[in-house]
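Reading the structure
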Amino acid sequence: MVLHDLLIIGGGINGAGIARDAAGRGLSVWLCEMNDLASGTSSWSTKLIHGGLRYLEYYEFRLVREALMEREILWSIAPHIVHPLRFVLPHHNGLRPAWLLRLGLFLYDNIGGRRKLPPTATIDLAQGPFGAPLKPGQFTKGFEYSDCWVDDARLVALNARDAADRGASINTRTRAVSASRDADGWTLVVKNLDTGRLDTVRGKVLVNASGPWVAEVLTGALRTNARARVRLVQGSHIVVRKVYDHDRCYIFQNADGRIIFAIPYEQEFTLIGTTDQDYQGDPAKVAITAGEIDYLCAAASEYFSKPILKGDIVWTYSGVRPLYDDGASEAKAATRDYVFDLEETPGLPPLLSIFGGKITTYRRLAEAVLETLAPYLPARAGAPRGWTAAARLPGGDFPTDGAPALAQEFSRTCPFLSDANAKRLARSYGTLAFRFLGQAKQASDLGRWFGVLSEAEVRYLIEREWAVTAEDILWRRSKLGLHLAQADQAALADWLAAKPKPTG
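Nothing here was measured: the structure is a model prediction, and the numbers come from that model.

Quick look at the overall build of the protein
Across its full length, the protein holds 13 helices and 20 strands. The C-alpha atoms of the protein give 23 Å as radius of gyration, which agrees with the globular expectation for 504 residues (23 Å, within 12%). Out of the 504 residues belonging to the protein, those deemed buried represent 60%. When contacts within the protein are restricted to residue pairs at least 6 apart in sequence, those whose partners lie at least 24 apart make up 72%. For the protein, the separation between the mean place of its 59 positive charges and that of its 56 negative charges on side chains is 2 Å.

Below you can see the structure in the form of structure tokens.
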């Protein structure tokens, strides 16, 4: 039986990022995910690559600095799925004073090595388009600062794809059932949830990157306990029809000390979130509560001149963040930093469990994992430490401002594509889209169509990105579930059901 260098449980952003970094260093990697890639926390974020402005209030300076440094790195290696945003922060009388906001933004501009992103500016909300959606006369002064946007689930898929291209074995819909270890390594028994088949794999080191299930995996499959504790915090979002027409995002302060974002989303919508409340129960069954809906509607309506009502909501989503339990009294104050629990037993291979973390810092987390495990891993011929800071993710081999030009190229070579669909392909796949567009000159060259989704694109997602179900395609590899008619979604599901499921 093959003895892999590294076994990883969990196919979220941390697991996929570790797999990519390790495979690039020449290590033999085997990863299992019990569902689809990014089917847990990693697809339910606010979609931001950001330092976390409010974390400065909790003195999380190391975390904020690291996250701010990662913004431009991730933008440079994935310009198709990461792009810069400008945020408008209105000053709200009676909440944080203007001088404190400006001080925080000064730190935000200067502690993270910002180079390309524009700096903070003070703006007059009484004039111009950015104050127009807000309550007239109530918000006259504001600040504008930079962060970045990311397609979170695609970030996971592209890390997994690059890991596989570098030799890693990525196994979705595969649950870790049990594990044992001896002096030579770990033996992991896994079950394919589609076929029911049990398999055994071996590895020198085991990483538990199972996110909200980290404690369950420890006490269940691994039959051990970690010293660190996990705190499950629910974050929910609502999506409404587009509230305003410009491209700026808003960050709103609330009287309870929390903040929410309002972000242009999928061309036709506005994304509003997030909440913070402790969660008990199965993370797979998390759903937005009536109280969270009321909270988000009320918080946004405090600022927008047109109230946000329950009837405006077209979609909601919720996720569970697996934060390190630092004893904070409130969920909003719990640290977003990552913590490793390394279980070392003399004469036996180690187990490393990951608590917490942010999608923004996944790449640095992966580096830190491999640095922590270096004494237990062999030196292999491969890329050097830190290689992921410069190596483009698949499809990202074009300039950071090149997505519009790429969309134009798709429109030129495939004139049957609408401008909106060409832009979507550029923003989702980058140059990878050429793989399924090929030499197509008319729509029928790409097979059957499900609205704006072609059979060729679907086949690509099945063959190259581990997609199996309509949910995988419509809500994780894309957000076309917001756009496609129900008849097209049903037709896709029927088409997929008739196809044999992938075996690799």
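Picking up after the structure, the text goes on.
What about the packing of aromatic side chains?
On inspection of all chains with the given rule, the structure shows 23 aromatic pairs. Aromatic rings pair up to connect Phe 139, Tyr 244, Tyr 250, Phe 252, Tyr 303 and Phe 304 into one cluster. Across the ring face of Tyr 338, the terminal group of Arg 62 is positioned such that the distance to the ring centre comes to 5.6 Å.

Some points on a nonpolar patch on the surface
Where nonpolar side chains cluster on the molecular surface, the patch consists of Trp 99, Leu 100, Leu 103 and Phe 106 and spans about 440 Å² of accessible area. Examined against the element boundaries, Trp 99 turns out to sit in helix α3 (residues 98–110).

Considerations on helix α6 (residues 290–301)
Between its first and last C-alpha atoms α6 spans 16 Å; for twelve residues at 1.5 Å apiece the expected length is 16 Å, and the two agree. What α6 keeps buried is the set Glu 292, Ile 293, Leu 296, Cys 297, Ala 299, Ala 300 and Ser 301. On the buried face of α6, the contacting elements are β11 (230–241), β12 (249–253), β13 (259–265), β14 (269–273), β15 (277–278) and β16 (313–324).

Some points on the packing of helix α4 (residues 152–165) against helix α11 (residues 455–465)
Between two packed helices, what matters for the description is the angle formed by their axes and the separation of those axes. For the pair α4 and α11, interaxial distance at closest approach is 10 Å and the crossing angle is 55 degrees. As far as their axial angle goes, α11 and α4 are oblique. Residues Arg 154, Ala 157, Leu 158, Arg 161 and Asp 165 of α4 form the contact with α11, whose participating residues are Leu 461, Arg 464 and Glu 465. When grouped by side-chain class, the residues that make up the contact of α4 with α11 number three nonpolar, no polar and five charged.

So, the pattern of salt bridges
Per the stated rule, a full pass over the model turns up 44 salt bridges. The partner of Arg 248 in a salt bridge is Glu 144, and the shortest N-O contact between them spans 2.4 Å. Of this pair, Arg 248 sits in the loop between β11 and β12 while Glu 144 sits in strand β6 (residues 141–150), placing them 104 residues apart in sequence. The exposure class of Arg 248 is buried, given its relative accessible area of 19%.

A short note on the side chain of Arg 71
Mapped onto the secondary structure, Arg 71 falls in helix α2 (residues 61–77). Accessibility expressed as a relative area gives 2% for Arg 71, which makes it buried. Those residues within four positions of Arg 71 in sequence are excluded, and the remaining contacts are Ile 49, His 50, Gly 51, Tyr 108, Arg 114, Leu 117, Ser 146, Asp 147 and Cys 148.

Digging into the environment of Asp 184
Relative to the assigned elements, Asp 184 resides in the loop between β8 (174–182) and β9 (185–192). Take Asp 184: its relative accessible area is 56%, and that puts it in the exposed class. Remark: the alpha-carbon pair of Asp 184 and Lys 204, spanning 20 residues in sequence, is separated by 6.8 Å. Dropping the residues within four chain positions of it, Asp 184 is found in contact with Leu 3 and Arg 202.

Looking at the nonpolar core
Counting residues in hydrophobic clusters, the biggest one holds 116 residues, and the most contacted among them are Leu 6, Ile 170 and Val 207. Sequence-distant contacts of Leu 6, defined by excluding residues within four places in its chain, comprise Ile 18, Ala 22, Ser 28, Val 29, Trp 30, Val 205, Val 207, Leu 370 and Leu 373. In terms of nonpolar packing, the next biggest core, distinct from the first, is built from 24 residues, Val 88, Phe 139, Val 240 and Tyr 244 among them.

What counts and what doesn't
Residues numbered from 1 in each chain as written. Predicted model: local features only at pLDDT ≥ 70, side-chain atom pairs only at ≥ 80, totals over all residues. Heavy atoms only, no water. Helix = DSSP H or I, 4+ residues; strand = E, 2+ residues; numbered from the N terminus. Rg over C-alpha atoms; globule rule 2.2 N^0.38 Å. Buried < 20%, exposed > 50% of the residue type's maximum accessible area, 1.4 Å probe, protein only. Contact = heavy atoms within 4.5 Å. Lys, Arg positive; Asp, Glu negative; His and termini not counted. Charge placed at Lys NZ, Arg CZ, Asp CG, Glu CD. Phe/Tyr/Trp six-rings, centres within 6.5 Å; stacked < 30°, edge-to-face > 60°. Lys NZ or Arg CZ within 6 Å of the ring centre and 35° of its normal. Patch = residues over 30% accessible without salt bridge, like charges linked within 9 Å, V, L, I, M, F, W, Y side chains within 5 Å. Areas by Shrake-Rupley, 256 points an atom, 1.4 Å probe, with all protein chains shown as cover. Salt bridge = Lys/Arg side-chain N within 4 Å of Asp/Glu carboxyl O. Expected span 1.5 Å × (residues − 1). Axes fitted to C-alpha atoms, helices over the stretch in contact; angles between N-to-C directions. Parallel < 35°, antiparallel > 145°, perpendicular 65-115°, else oblique. Nonpolar A, V, L, I, M, F, W, Y, C, P; charged D, E, K, R; others polar. Core = buried A, V, L, I, M, F, W, Y, C linked by side-chain atoms within 4.5 Å.

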